[in-house]
Structure formats: structure tokens, C-alpha cells
Amino acid sequence: MSTVEISDLHKSFGRLEVLKGIDFTVESGQVVCVIGPSGSGKSTLLRCVNLLEQPTSGKVIVDGVDLTDPDVDIDAARRRIGMVFQQFNLFPHLTVRRNVTIAQERVLKRRRDECDSVARENLEKVGLLEKLDAYPPQLSGGQQQRVAIARALAMNPSLMLFDEPTSALDPELVGDVLSVMRQLAEDGMTMLVVTHEMGFAREVADRVVFMDGGVIVEDGPPEQVIADPRHERTREFLRRVL
Ligand code: ADP
Ligand code: MG
């Protein structure tokens, strides 16, 4: 479990300023959902938290390690952060087992039998142990996303980032992925989740952050931000998605 502290985070792409001074924290074991319109900078924010994007300025501290310090061991820090994308990004030509063991073996240098037992343990967690020897194209989108979650968990992250993990799924497959995420939250994982699933945010999130135009407009418990928003921009967004 970890703590995330983001302060005065700015990110520009050329002359386009996408993040305009973001401040927030995620306490250890908390689930924070980030909501907001398309283009508001949600993905860029997540990508700055594991340095898939280099912030233009500001600080990102995870587990007490300042990721924006030029002397930081980025690979070591990033290893503690799991990320799940909208597109699952599994290797289609490798079995489920291999998808879940390959980074354990190559990055963490675990022994093969240990990789295998960690893979089993995490595939069981997402309800897909029986798919160990299947290939991703043989699985539904929801199953592939659950494999992607198992793959991330196999690296023993202290923080999990989710970027619209159910947005590419057929509606009937969304529930299984959300219940895996809900279980993970109950087990105490620290999670930062970009989502349009307001039911999930309302029930699982400790806090909901509403972003618009590269700033945080509203940050509070779901019963405030979703059920009783203070700002007109939040209300207008919620009218469109609820
Ligand atoms: P969201 O996830 O909220 O939809 P994004 O963070 O993906 O928003 O994008 C915010 C803005 O940043 C958009 O205008 C997008 O076009 C721009 N953007 C994102 N990534 C890049 C990039 N690598 N280069 C240039 N512009 C980018
Ligand atoms: Mg996005």
C-alpha cells in the first residue's frame, strides 16, 4: 500500500497546456476515482503518476519517493506501480500464463516456478485460473481485462492505476471487471481509477475528483461530488453521464 502526493503538477505538449496545476493526495489503502469530460487531462494525469509522461513541472511522490527527482531510479519506482489500460495490451501470441509470468521473470528475476505460482494465485483472484493455457484472442474482452489486472498484480504493486478499464467492453462484461476491482479495493489496495462508471465511483471510491480543462474542479467524498456537487461544471458533466 502506498501514498501518492501530487503537487502543482503541470504538463504541456508543445504549446498545449494539458495539466494546469494539479494538487491531490491518495492515502494508503484509499480508492480515488477521477471523472471528467474527454480531453480534460485524466489519462495524462495517470501517465504522469508512473512517468509514462514526464511532468513539465511540479512534484509526484509515491511511497515517499519523488518521481520527479532527476536522480530517482525510475525503473525501481515504476515497478511498484501497476497500470491497467482501456486497451488490455496483452501479447496475443503468448498464453495467459506467459502473459502473467514474462515481466516477473524478466524484470523481477523471479525463478520460473515462483512466477508460475504467482500467476496462478493472481489468475485465481480474477476468476480465470482455468484459462491459464488459453491465448488472449480466445477470451472475451472482460476476461482479457481481468488477465491484464492479474498481470499487473503479479508484480506486487503498492499502487494500481486504472485508465477507463471498462470503456472498451461490451456492457454485459463490465460487471465482472468491476467486481474484481471492488475486491481489490476491499483487500486494501491503493487505487487511482479514471472511470465513467458512476455506480462504481459512488460505491467504492473514498474520494471522487472531478477534472475539467486540466484543473481539479471538485474533490470530495462521492456522496458530495456525485450526489450533491457544488460546482456548475460538475453538475453539467453529471447530467450528461448519469
Ligand atoms: P482525457 O484522458 O481526459 O480524455 P487526455 O489526458 O488523454 O484526456 O488528453 C488531454 C489533452 O492532451 C487532449 O487535448 C489531448 O489531445 C492532449 N494530448 C494527450 N496526449 C498527448 C500527446 N502525447 N501529445 C500531444 N497532445 C496530447
Ligand atoms: Mg483518457
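Position numbers for residues start from 1 in each chain and track the written sequence from start to end. Lettering for chains starts from A, numbering for ligands starts from 1, and both go in the order in which the items are written. For a predicted model such as this one, the threshold for reporting local features is a pLDDT of at least 70, and the threshold for listing and counting side-chain atom pairs is 80 or more; totals across whole chains, interfaces and linings nevertheless cover every residue. Only heavy atoms go into the side-chain values, all of them from the structure, while hydrogens and water stay out.

As recorded in an unreviewed UniProt entry, the protein goes by the name Peptide ABC transporter ATP-binding protein, listed as coming from Microbispora amethystogenes. UniProt positions are given in the numbering used here, feature names are shortened, and annotations may be inferred rather than shown by experiment. Regarding the protein, the UniProt comment filed under Subcellular location (unreviewed entry) reads as follows: "Cell membrane". As stated in UniProt under Sequence similarities (unreviewed entry), the record for the protein gives "Belongs to the ABC transporter superfamily."

(A) Structural detail: the nonpolar core. Grouped together as the largest cluster of nonpolar side chains are 49 residues, with contacts concentrated most on Leu123, Ile149, Met160, Phe162, Met181 and Met191. Helix and strand labels come from DSSP, where a helix needs a run of H or I of at least four residues and a strand needs a run of E of at least two; each type is numbered from the N terminus. Considering each element in turn, this core owes the most residues, eight residues, to helix 6 (residues 171–186). It only takes one pair of heavy atoms within 4.5 Å for two residues to be counted as in contact. Apart from the residues lying within four places of it in its own chain, the contact partners of Met181 are Ile149, Phe162, Pro165, Met191, Val193 and Phe200. Grouped together as the second largest cluster of nonpolar side chains are 27 residues, Val60, Met83, Leu159 and Met211 included. Nine residue types can take part in a nonpolar core, namely buried Ala, Val, Leu, Ile, Met, Phe, Trp, Tyr and Cys, and a core is a set of them joined through side-chain atoms within 4.5 Å. With a 1.4 Å probe rolled over the protein chains alone, any residue whose accessible area is under 20% of its type maximum counts as buried; one over 50% counts as exposed, and the rest are partly exposed.

(B) Quick look at the sheet that holds strand 4 (residues 57–62). Here a strand pair is declared whenever DSSP counts at least two bridges between the two strands. Strand order across the open sheet formed by four strands is 2-1-4-5, with antiparallel pairing between neighbours. Both outer strands of the open sheet, strand 2 (16–26) and strand 5 (65–66), are each paired with one neighbouring strand and no more. As judged from the two bridges shared by strand 4 and strand 5, these two strands associate in the antiparallel manner. Residue Val62 lies in a different strand from strand 5, and its bridge partner there is Val65. For every element, the axis is a line fit to its C-alpha atoms; helices are fit only across the contacting stretch, and the angle between N-to-C directions ranges from 0 to 180 degrees. Contacting strand 1 (4–13), strand 2 and strand 4, helix 1 (residues 42–49) crosses the sheet at an angle of about 120° to strand 1.

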